[in-house]
Amino acid sequence: MPTAVAAARQILTSLHEVMASRSAAQAKLNTVVEVIGESLDSEVCSIYLLREGMLELFATRGLAQEAVHVTRMAIGEGLVGTIAGQIDTLNLAEAATHPDFSYRPETGEDKFHSFAGVPIVRREKAVGVLCVQHVEPRRYEEVEIEALQTVAMVLSELIANADLVDEDEAFGLSEAQTGPQQLKGLTLVKGLASGLAVYHQPRITIEHTMAEDIEAERQRVYLAFDRMREQIDHMAGQAEFGVGGEHEEVIETYRMFAYDEGWKRRINEAIDSGLTAEAAIERVQQRTRMRMRQIDDPLLADRMHDLEDLSNRLLRIVSGQLGTAASKGLRQDAILIAKNLGPAELLEYDKRRLKGVILEEGSLTAHVVIVARAMGVPVLGRVRSLRGVIREGDLLLLDADQGSVTVRPAPPMVEAFEARFAKSRERQAAYAALREAEPVTKCGARITVMINAGLREDMPNLSLTGADGIGLFRTEFQFLVSATLPSRERQTRLYREVMDSAGTKPVVFRTVDIGGDKALPYLRHDDGPGEENPAMGWRALRVALERDGLLKAQARALLEAAGGRTLNVMFPMVAEPWEFDAAKAVFDSQLAILRRNRKLLPETIRYGAMLEVPALAEMLDVMLPKLQFLSIGTNDLTQFLFAADRAHPKLAERYDWLSPAILRFLKRVVDACAAHGVDLAVCGEMGGRPLEALALLGLGIRRLSITPASVGPLKELIGKVDLAAIGPAVAGWLANPPVNLRAELSAWTAAHGIAFD
Ligand code: PEP
Ligand code: MG
């Protein structure tokens, strides 16, 4: 008995000649079935290919030739259809005993008892089936099956090159593989969208499967393994890795797989059988996929996902196809799919074509989600097992309002979705009509509603929403979208343009908050160990005070840009009053330079701090006299109050912004600011959610800075609120906390005629 490697290699060597020959595709297939049949000593060898949605017998040795192009099976029908439908191998001693067996008299197959077939796969979809049959009833040896699988891999290349299957058709038709499915997830940014699935890290298409030079292929794989291992080690040593919600265990598993010599050996063997490095990696992966599918264990499925990830990484390295989908550009309306993304990665996509995002991880306050919210792009997070269901190019209906996505919808689903979409647009239009409306409560109090922004492109939102100003301009976004540190001139230009386009409305510039999940490749903390917990690490004002060149440049840019007008500036992550003093001193010294140079100075400078580190709340008596305003960053504040990483997918729903602990904390801050006559605002995501906003109004907060899409709904809500009613209600709940404050508040709104979507 030859080894699997030797058997496959022998066939591949002969196939090499066939493929290199100049004969027509059909003639090649006829030779291929002869070669395989002969090598495996098989009485029947047949190739079925997908045409017009059916698996058609294209070539056979051993079955009646009259059946060629006559025998056709649907996906899921008969043994051949089952193999294609399930993308799995069948190995039967007695074919007729299989429940899906379907007898086709025209083939003359009744005398053959044993049957083995493997799918011919292209881009993870079955485009055909290769099978062998024998008169003698026997199960096929593992080596024979392996050889068939390897040959099927090469056939997929032959088929694609010869245009034997219409790929579009193959990738659009078979119901069993590509029928509609619905996946559930966690709503991170509400909204509806439809578009074609685009993987952030695209799958690699393997162009060449047969090796010209086996040693060269081996070397390519070895080098790729070295690079992949380096990358994984680097990742493990890097602080940023923890931010995506990854756990140490996960990286350890990755490492274990990356260093798995068994995996490397199997790829090596596949190369020995005559495959290219790419084909060998894919071949081993296919085999693992098939094995894993037989084991119904969610834990293993997770591990499988890690291995897929690594296998893709190895493929990308070996094939040199390293870019993300952003580097290729979006050609149509797209729904982007990723495990997780950084905010800068999201911003690389063409905003006109990016309609939605689906993440396997993600949480409400991760910066990528904040950016998507600001862009008005719906995001569905924590969608499990999407890789097995969604394929590149599938039509998706993303319903982030309901927390679901429909994959490959049937036409009536598309119609129903379009109808809902139209309704939701109507609602949006109704909110847009509130643009001129003043946010005044039922009892006549004027609430200040501002928006959060970070890029030049966000500025039109100010007039579109009719907001009162920009309560948080995240200046680090300019840094995130640049390949290098933005020069002082570029910063000045941006700030000036932002103030120009805001006109008389105020803009509160926050100095850079870099670090945490906003890491910059060109700015690293290189004189220390990697960070265990970057959200609590070297970020924001801590970076700015240490690298004071950075803060000096930014201070100068802001002061110059604000020449002749009011500058509102605030510092992020202030934990102790001295940090504020130190940052302000940088501004003072830059102001002195401008004054010496007789530059036009700002008319007024208003200084503020963000309250996002709980410790600062204990120092408000010292802090507030120094400030013109204080802005509460609830995203960070609540993660620190609850000691719960804001980007951790497992904690995304764990703690509630409407918990008595958070609200009591905020109440203290409200009272302290009122006593010191300091303006107070909330600029975290909390303020953009209706129930939360209502609670904040109840606490006495009168200024909110929120994501633009929430302005319309918030104005509508404000118009229905009677502060004299909500204030005492919230005070009552804080004094005697109910078990579920959210439920209590929700019932209260119903009782007071404040309806939400
Ligand atoms: C916050 O922490 O609430 C905040 C507004 O800042 P960022 O989300 O940019 O950290
Ligand atoms: Mg913050």
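Residues numbered from 1 in each chain as written. Chains lettered and ligands numbered in written order. Predicted model: local features only at pLDDT ≥ 70, side-chain atom pairs only at ≥ 80, totals over all residues. Heavy atoms only, no water.

## Regarding the domain arrangement of the protein chain
Line of reasoning, step 1. Its domain assignment divides the protein chain into domain 1 (4–170), domain 2 (179–202 + 324–425), domain 3 (214–319) and domain 4 (448–525 + 533–721).
Line of reasoning, step 2. Distance between the C-alpha centres of domain 1 and domain 4: 64 Å. (Domains from an automatic or database assignment.)

## Some remarks on the packing of helix α2 (residues 25–39) against helix α4 (residues 142–161)
Line of reasoning, step 1. Their axes nearest at 13 Å, the elements α2 and α4 cross at an angle of 170 degrees. On the basis of their axis angle, the class for α2 and α4 is roughly antiparallel. Residues K28, L29, V32 and I36 of α2 form the contact with α4, whose participating residues are L148, V151, L155 and L158.
Line of reasoning, step 2. Here the contact of α2 with α4 is built from residues that sort into seven nonpolar, no polar and one charged. (Axes fitted to C-alpha atoms, helices over the stretch in contact; angles between N-to-C directions. Helix = DSSP H or I, 4+ residues; strand = E, 2+ residues; numbered from the N terminus. Parallel < 35°, antiparallel > 145°, perpendicular 65-115°, else oblique. Contact = heavy atoms within 4.5 Å. Nonpolar A, V, L, I, M, F, W, Y, C, P; charged D, E, K, R; others polar.)

## Examining the sheet that holds strand β5 (residues 114–122)
Line of reasoning, step 1. Reading across the sheet, the six strands line up as β3-β2-β1-β6-β5-β4 and stay open at both edges, with antiparallel pairing between neighbours. Each having just a single partner strand, β3 (72–74) and β4 (90–92) make up the two edges of the open sheet. Sheet twist, expressed as the average angle between the axes of neighbouring strands with direction ignored, equals 25 degrees.
Line of reasoning, step 2. Bridging between β5 and strand β6 (residues 125–134) involves nine bridges; their strand directions are antiparallel. (Pairing = 2+ DSSP bridges.)

## Some details on the coordination of the magnesium ion (ligand 2)
As a benchmark, a tetrahedral metal site with four donors has ideal angles of 109.5 degrees, while an octahedral site with six donors has ideal angles of 90 or 180 degrees.
Line of reasoning, step 1. Around the magnesium ion (ligand 2), the donor atoms from the protein are E612 (OE) and D636 (OD), and they sit 2.1 Å away. Residue E612 is found in the loop between β19 (604–611) and α22 (614–617), and its partner D636 is found in helix α24 (residues 634–641); the two are separated by 24 residues along the sequence.
Line of reasoning, step 2. Under the relative-accessibility criterion, E612 is labelled buried at 2%. (Donors = N, O, S within 2.8 Å, 3.2 Å for Na, K, Ca; no water. Buried < 20%, exposed > 50% of the residue type's maximum accessible area, 1.4 Å probe, protein only.)

## Regarding the site of ligand 1
Line of reasoning, step 1. Taken together, 17 residues surround ligand 1, and among them R474, R510, E612, N635 and R646 come closest.
Line of reasoning, step 2. Between an oxygen atom of ligand 1 and a side-chain N or O atom of R474, the distance comes to 2.8 Å.
Line of reasoning, step 3. Take T634: an N or O atom from its main chain is 3.1 Å from an oxygen atom of ligand 1.
Line of reasoning, step 4. If ligand 1 stood free it would expose 290 Å²; the protein chains cover 100% of that surface.
Line of reasoning, step 5. The set of elements that each furnish at least two residues to the shell around ligand 1 consists of α14 (367–375), β16 (470–474) and α24. (Near = heavy atom within 4 Å. Polar contact = N/O pair within 3.5 Å; in protein donor to acceptor, adjacent residues only side chain to side chain. Areas by Shrake-Rupley, 256 points an atom, 1.4 Å probe, with all protein chains shown as cover.)

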